[in-house]
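The lines below spell out each chain.
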Amino acid sequence: MAVTLADVIEVLDDAYPPHLAESWDSVGLVCGDPTSVVQQVVYTVDVTDAVVDDAIASGADLIVAHHPLLLKGVDTVAADTAKGSVIHRLIKADCALFTAHTNADSADPGVSDALAEALGVIDTRPLDPIPSPAHDKWVVFVPTADSAAVRQALFDAGAGQIGDYTEASWQSAGLGQFRPGPDAHPTLGVLGEVHTEAEDRIEVVAPKVARAQLLSALRHAHPYEEPAFDVFESAALPSCTGLGRIGKLPKPMTLAEFTDVVRDALPDTTWGVRAAGNPEATVSVVAMCGGAGDSFLATVARTDADVYVTSDLRHHPVDEHLRAGGPAVIDTAHWASEFPWCEQARRVVDAAFGDTDGWSSRVTEVRTDPWTL
């Protein structure tokens, strides 16, 4: 069966959910026909002319990039503009372009997980976790004879999803009691008399934003004039998604030794790898953020990290960080710290389509680091 661009996008969006992208970001399909067939995919950090040359020459149907080609406001893609010429060449070659940027940064696994894997850091968690979506737990009491219908109505209204599982619920049997008042119109029982009824307690979870539709569905499906139910708002717990990662090394080493590990694990660059801190200090807990991460220096300082690995660090922020007692830092080239993600993304898509006849994928060998000397 042929794999379409839409099929590939579905896999990428599942791995790197667009809702995780920062509000200022631009992610997703840049150009290409979702109905077109995809057989050859090239992965890159940046969409440069050289990358496009490489992809088109090899007959690629799709480029998957980390950095957006069109990030800031664009009012023209004319062929005589730098970025417009790239778009024109891709369209003429029938080569699509897809971007996963800050959504790939925050995904689980994402850019910083790929960096952690390259550096041998284990047992990682987000440095800046995104709270799990707000959920409610609904507890509904319903006559046993009607419990199946009410439960299904709750499912149809959006309740009962836990991760990859749907129609999840808990049910137990009990005995309900009530006395209908003089103005009541009871489905069961007699006015003024105590009535007992075999009832089920149904528990489901549902997104907080679905309260209105859940309440409407419950009142419509429940046989009682006044259904008995409770809604409990769940605590906002940390999730496995978020920017950066912090973990530990399998065995401690000195800062000098770990700096060598970083240098050997990442591609060589003119920028190089540099460290700030006591070279003989012991490193066991490692914080990291693929790409520019100086905004997390204060966050890292509040953790038990011994060293922070990121990119694009500047003199004054690092100096002030160390003066304030923060952990050592290791600075790498921006491109180098994000490059391991390309292989991660390739594995994600190949897991879905790698066995398809004619399928091929590769990480470009074109270096898109802008620094040359």
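**Student:** So what exactly am I meant to see when it comes to the packing of helix 1 (residues 5-15) against helix 12 (residues 340-353) here?
**Tutor:** To describe two helices that pack against each other, one gives the angle between their axes and the distance between the axes. At a minimum axis distance of 10 Å, the contact between helix 1 and helix 12 shows a crossing angle of 130°. With respect to their mutual orientation, helix 1 and helix 12 come out oblique. In the crossing of helix 1 with helix 12, the sense of the turn from one axis to the other is right-handed. Together, Asp7, Val8, Val11, Leu12 and Ala15 of helix 1 and Val348, Val349, Ala352 and Phe353 of helix 12 make up the contact between the two elements. Residues that form the contact of helix 1 with helix 12 fall into these classes: 8 nonpolar, no polar and 1 charged.

**Student:** What exactly am I supposed to notice about helix 8 (residues 255-265) here?
**Tutor:** Given 3.6 residues per turn, any residue in an α-helix points the same way as the ones three and four places further on. Within the sequence span of helix 8, burial applies to Leu255, Phe258, Thr259 and Val262. The buried residues of helix 8 occupy one face: seen down the axis, they fall within an arc of 105°. Elements in contact with the buried residues of helix 8: helix 5 (111-119), strand 10 (238-254), strand 11 (274-276), strand 12 (282-292), strand 13 (307-311) and strand 14 (328-332).

**Student:** Even after reading the chapter, I still don't get the sheet that holds strand 3 (residues 62-65), so can you show me in this structure?
**Tutor:** The strands making up a sheet associate through hydrogen bonds between their backbones, and the pairing can be parallel or antiparallel. Across the sheet, which stays open at both edges, the 5 strands sit in the order 1-4-3-2-15 with mixed pairing between neighbours. Both edges of this open sheet fall to strand 1 (28-31) and strand 15 (360-363), since each of them pairs with a single strand only. On average, each strand axis in the sheet is tilted by 20° relative to the strand beside it, whichever way the strands run. Where strand 2 (residues 40-44) meets strand 3, 4 bridges bridge the pair, whose relative direction is parallel. For Val42, the partnering residue across the bridge sits in strand 3 and is Ile63. Lying over the sheet, helix 2 (residues 49-57) contacts strand 2, strand 3 and strand 15, oriented at roughly 145° with respect to strand 3.

**Student:** Got a minute to help me understand helix 7 (residues 211-221) in this structure?
**Tutor:** Every buried residue of helix 7 is listed here: Leu214, Ala217 and Leu218. Taken end-on, helix 7 shows its buried residues confined to a sector of 100°, consistent with a single buried face. Opposite the packed face of helix 7, turned more than 90 degrees from it, sit the exposed residues Ala212 and His220.

What counts, and where the lines are drawn
- Residues numbered from 1 in each chain as written.
- Predicted model: local features only at pLDDT ≥ 70, side-chain atom pairs only at ≥ 80, totals over all residues.
- Heavy atoms only, no water.
- Axes fitted to C-alpha atoms, helices over the stretch in contact; angles between N-to-C directions.
- Helix = DSSP H or I, 4+ residues; strand = E, 2+ residues; numbered from the N terminus.
- Parallel < 35°, antiparallel > 145°, perpendicular 65-115°, else oblique.
- Left-handed = near helix turned anticlockwise from the far one by under 90°.
- Contact = heavy atoms within 4.5 Å.
- Nonpolar A, V, L, I, M, F, W, Y, C, P; charged D, E, K, R; others polar.
- Buried < 20%, exposed > 50% of the residue type's maximum accessible area, 1.4 Å probe, protein only.
- Arc of directions from axis to C-beta.
- Pairing = 2+ DSSP bridges.

Everything listed here is a matter of geometry and, on its own, says nothing about what the molecule does.
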